[in-house]
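Chain residues, written in single-letter form:
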Amino acid sequence: MKTFLRILKRIGLILLVILVLFVAVVYIRADRTFEAPLPEISASRDSAVIARGEYLVYGPAHCADCHTSRDQRADVLAGKHVPLHGGGYFDLPFGRVYTHNLTSDATGLLSFSDYEIARSLRYGVAKDGHALLDFMPFHNLSDEDLTAVISFLRTLEPVKYEVPKTEFNFIGKAIKAFMIKPIGPDGEVAKSVTPALSAEYGKYLANSIANCRGCHTNRSLATGEYTGPFFAGGFHMPVDDKPGVFVVSPNLTPDPETGHIAKWSEDDFVKRFREGKKIPDSPMPWGPFSNFSDDDLRSIYRFLHTIEPVKQVNGPTIVVEN
Ligand code: HEC
Ligand code: HEC
């Protein structure tokens, strides 16, 4: 009996040591930093470049949908060019993630170099070296468009707005320690992608600027990893302040039976974007997307009708889980 107890005690002690080591490793690794090249992207003062940046920021790239606080929501939904002082947040299963102040104040991007902003957007490595969670789809943005975005950000009036620090619980720290890595471009990034009325340009918009792919593809809420075919929808997105409620993205592939827009005409598609948000809890950035040009929407429609049809039924748009 005595030896049995002694063995039990020893096993308990070993388990305790392993647990303490695991916790220590999680805490140390959760703060690990990454390296990535600093793209040589510098802001320009050319008014055409700044205007292109403004269109992207408040339209297709919808920075305003995330880099604003909740009291600005009505203006964002109306597609207005609101101050981008950040403070928006996402409640994920493992913590609350806040968005940065993008104005040139000390509480914003004042201390960021153009290169550092470019590195965050292209390589997913933050100024402080942490791996950014994959909320932003701009890794393959061309040099020219990245320059345009940063040039426009540099014209924003400074707004003093202190954004709280992102907090992770222990599981979040463990995910950060072992699973979250910076996401970078797919290959060599184009110097320039010229806007055109074409499926090819639509693909660039849908994948690398407007994040249609990021939301209309099933993915893991914990790591952001894609778990389903591109554009087949089915991603369950949590609704702010309504735990257990999710809005599900529809299938945008041209499957005749299950494709949500398979039977829509190009004009129907453009018209839908002019009508704005209809499902109040929808996370789709309908407000900023109201600033899309007709041609850009037509290009996206053409692209969506060239992709491989995927037969996938995603069920009801609103799901309540208990
Ligand atoms: C879907 C929401 C979303 C959109 C759209 C979005 N952001 Fe972000 N952004 C975030 C979140 C969330 C973070 C913080 C991520 C983290 O710390 O892991 C962030 C962080 C940043 C940072 C700070 C990076 C650093 O080095 O710390 C910059 C700069 C930035 N975003 C710029 C932009 C710009 C410019 C746009 C539009 C072209 C944009 N964001 C669009 C959600 C978004
Ligand atoms: C932040 C996530 C998100 C992004 C980004 C997003 N969507 Fe959606 N989308 C959704 C969700 C969720 C729904 C279902 C709720 C709704 O209809 O608003 C939806 C609905 C739709 C619908 C059906 C609307 C209707 O009334 O039947 C279309 C069409 C659509 N999205 C196209 C797009 C295109 C094209 C893009 C890129 C330009 C895009 N979405 C970007 C999440 C997103």
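Because the structure is predicted, anything quoted here is derived from the model rather than measured.

Moving on, we come to the domain arrangement of the chain. According to the domain assignment, the chain consists of domain 1 (1-30), domain 2 (34-193) and domain 3 (197-322). The C-alpha centroid of domain 2 is placed 42 Å from the C-alpha centroid of domain 1. Listed by partner, the interface residues are seven residues for domain 1 and six residues for domain 2. A combined buried area of about 660 Å² lies between domain 1 and domain 2, and 78% of that area is made up of carbon and sulfur atoms. Broken down residue by residue, the surface that domain 1 buries against domain 2 is led by Val-26, Arg-29 and Ala-30, which jointly contribute 63%. Viewed at the interface, domain 2 and domain 1 are joined by zero salt bridges.

It is worth spelling out unusual backbone geometry at this point. Negative phi characterises most residues that are not glycine, and trans characterises most peptide bonds. With a phi close to 70 degrees, Phe-231 is a non-glycine residue in the positive phi region. Residue placement: Phe-231 occurs in the loop between α9 (212-215) and β4 (236-239). Phi angles above zero are rare outside glycine, and Asp-241 is one such case at about 60 degrees. Relative to the helices and strands, Asp-241 is located in the loop between β4 and β5 (242-248). Of the residues examined, Asp-241 reaches a relative accessible area of 58% and is grouped as exposed.

This next bit is on the sheet that holds β5. Two strands in a sheet stick together by hydrogen bonds in their backbones, pointing the same way (parallel) or opposite ways (antiparallel). Spatial ordering of the open sheet is given by β4-β5-β6, a layout of three strands whose pairing is antiparallel. At either margin of the open sheet sits one strand with a lone partner, and together these are β4 and β6 (318-320). For this sheet, the mean inter-axis angle between neighbouring strands, taken without regard to orientation, is 35 degrees. Looking at chain direction, β4 and β5 are connected through four bridges and run antiparallel. Residue pairing for β5: Met-237 is matched across the bridge by Val-247.

Attention shifts here to the coordination of the iron atom of ligand 2. Coordination sphere of the iron atom of ligand 2, protein contribution only: His-216 (NE2) and Met-284 (SD), at 2.0 to 2.1 Å. Coordination geometry of the iron atom of ligand 2: the six donor atoms subtend angles of 88 to 179 degrees at the metal centre, consistent with an arrangement described as octahedral. Here His-216 is found in the loop between α9 and β4, whereas its partner Met-284 is found in the loop between α10 (266-275) and α11 (286-289), with 68 residues between them in sequence. Comparing His-216 with Met-284 shows no difference in burial state: the two are buried.

Note on strand geometry: in a regular strand, side chains alternate between the two faces of the sheet. Between β4 and β5, which follow one another and run antiparallel, lie two residues, and Asp-241 among them has a positive phi close to 60 degrees. Pairing between β5 and β6: three bridges, direction antiparallel. Bridged to Val-247 within β6 is Ile-318.

Rules and cut-offs
Residues numbered from 1 in each chain as written. Chains lettered and ligands numbered in written order. Predicted model: local features only at pLDDT ≥ 70, side-chain atom pairs only at ≥ 80, totals over all residues. Heavy atoms only, no water. Domains from an automatic or database assignment. Contact = heavy atoms within 4.5 Å. Buried area = accessible area lost by both parts, 1.4 Å probe. Salt bridge = Lys/Arg side-chain N within 4 Å of Asp/Glu carboxyl O. Helix = DSSP H or I, 4+ residues; strand = E, 2+ residues; numbered from the N terminus. Buried < 20%, exposed > 50% of the residue type's maximum accessible area, 1.4 Å probe, protein only. Pairing = 2+ DSSP bridges. Axes fitted to C-alpha atoms, helices over the stretch in contact; angles between N-to-C directions. Donors = N, O, S within 2.8 Å, 3.2 Å for Na, K, Ca; no water. Tetrahedral: all angles 85-135°; square planar, octahedral: opposite > 155°, others 65-115°.

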